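# Close look at the chain arrangement
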Amino acid sequence: MTDLSDAVGGKQRIVGGPFGSKLTTRDYTDEGVPVIRGSNMEVNGRWIGGDFAFVSDQKAEKDLKSNVAYPGDIMVTQRGTLGQVSIIPEDGGFPFYVVSQSQMAISVDTELVNRDFVYYFLRSPAFADYSHAQTIQTGVPHINLGILRDAPTSFPKKEVQREIATILGALDDKIELNRKTAATLEEMARALYRSWFVDFDAVNAKAAGRAPAHMTSQTAALFPDSFGDDGLPEGWRVQPLLEVVELLSGGTPKTSVPEFWNGDILWASAKDVSQCGNAFLITTERKITAEGLKKSSTKIIPKLSTVVVARGATTGRACMFGDDIAMNQTCYALRSRNDRPFFANCLFMTEVLGITLAAHGSVFDTITTKTLQAVSVVSPCEGLSEAFEREVSPMFNRILDLTRENQTLATLRDTLLPRLMSGELRVGEAKERVEEIV
């Protein structure tokens, strides 16, 4: 058994962020050296990403030289969302980064240890149990450099480390490929909605005497060839949002009644929706029982409904339910009135920014029933929303399949990880199981 700092090559290879006023939001600039914050952690699976804040080159050189991380380093959250672990990509485009006050960086000596194995060790239940037991509860719960450096390790030989990291990495690679494929399909579907119903590309083409691009003649025939005095395509109209979708609300079983909780029914909160990160939500942090469903105001929201956070700091975040899921009162669900859930979702996601800006509240923005009753949307002429649904249904159904596959892959990875780390499971056996899938 040895300390983590010794395993990766010494204490100097684990560094933290600056203290106190050495780095504040006033130091942020539009360009320069990127700062790794909590919002950059686990953005793309294992990798640091997202939108960076920056500090000037001069600030980094003068005040933050001892708080930098480099491509290939492993980042660990110190305070905030404890348990986050990410790797700085080698091809991230920056020669070095500044570590924020809430993160710590590990620069692995690859002569001693396999970097990806160290990453998976930091994601393991063993390290989670250790850091949880050592968490400092004063103020915001946090760990520190000493706790990270002193983490007990018992690593196998480097060759075995590499094999374990390769097995787990193959699962993560497949998850990341699926995620990228799903994101591409989603963008294609939403781009098609914008083309048809926001930019009116087909109508503009027909008005100019051209055939609309990228659609069959049967679909093109559904579009008018002129605009009315109201600026909308001829025959289209404006109608209330709630004539297109049915508004559904939720509730919460009494938390003081144990019989209502830890059942088999998925129960979504604003946290689940806001942290979904995918087009579809298929799992929730908590579950309720049939008794909890029966004796509370919560209700089952039908599969493929669009669900939006209605209050709190994440008001306006939205996703679709990939299954029939119960829901609490911090969200609203919107169910298509004519069995066109993907058209309804694309329509709502086009309007959600304006809806959020119209929301109001004394502390946080709040979307109310009145907010949604006041929303009007453009309604196309007969047949077009149905044609759109036919076009995008294969895309969204494939996204849902990929989301389910990723859940299966992540479950397998999380099951194999502690068994491989402890030596309970032989590398060869785990490799065979993974090769059958990926």
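Look up: the structure comes first, before these words.
In this report, the structure presented in the accompanying data block is examined. (Residues numbered from 1 in each chain as written. Predicted model: local features only at pLDDT ≥ 70, side-chain atom pairs only at ≥ 80, totals over all residues. Heavy atoms only, no water.)

What follows is about the overall build of the chain. Helix and strand counts for the chain stand at 15 helices and 21 strands. Projecting the C-alpha coordinates of the chain onto the three principal axes gives extents of approximately 75 × 55 × 50 Å. Burial analysis of the chain (438 residues in total) assigns 48% to the buried set. The long-range share in the chain, meaning contacts at least 24 apart out of those at least 6 apart in sequence, stands at 73%. Taken as a whole, the chain presents about 21,600 Å² of accessible surface, with 49% of it coming from carbon and sulfur. Computing the positive centroid from 46 side-chain charges and the negative centroid from 55, the chain places the two 4 Å apart. (Helix = DSSP H or I, 4+ residues; strand = E, 2+ residues; numbered from the N terminus. Buried < 20%, exposed > 50% of the residue type's maximum accessible area, 1.4 Å probe, protein only. Contact = heavy atoms within 4.5 Å. Areas by Shrake-Rupley, 256 points an atom, 1.4 Å probe, with all protein chains shown as cover. Lys, Arg positive; Asp, Glu negative; His and termini not counted. Charge placed at Lys NZ, Arg CZ, Asp CG, Glu CD.)

Turning our attention to the sheet that holds strand β15 (residues 286-288). The strand order across the open sheet formed by four strands is β15-β13-β19-β16, and the pairing between neighbours is mixed. Because the sheet does not close on itself, it has two edges, and the strands there are β15 and β16 (300-301). Here strand β13 (residues 261-268) pairs with strand β19 (residues 325-327) via two bridges, running parallel. For Trp 267, the partnering residue across the bridge sits in β19 and is Ala 326. (Pairing = 2+ DSSP bridges.)

Let us look at helix α15 (residues 427-435). If you check which residues of α15 are buried, you get Val 427, Ala 430 and Val 434. An end-on view of α15 places all buried positions within 65° of arc, on one side of the element. Seen from the open side of α15, the exposed residues pointing more than 90 degrees away from its buried face are Glu 432 and Glu 435. Close packing links the buried residues of α15 with α6 (158-198) and α14 (384-422). (Arc of directions from axis to C-beta.)

This part covers the sheet that holds strand β7 (residues 85-87). Spatial strand order, β2-β9-β6-β7: four strands in an open sheet with antiparallel pairing. Two strands close off the open sheet at either side, each with one partner strand: β2 (14-16) and β7. Strand-to-strand twist across the sheet, computed as the mean angle between neighbouring axes with direction ignored, equals 25°. The sheet strands contacting helix α3 (residues 115-122) are β6 (74-77), β7 and β9 (103-106), and the helix crosses β7 at an angle near 165°. (Axes fitted to C-alpha atoms, helices over the stretch in contact; angles between N-to-C directions.)

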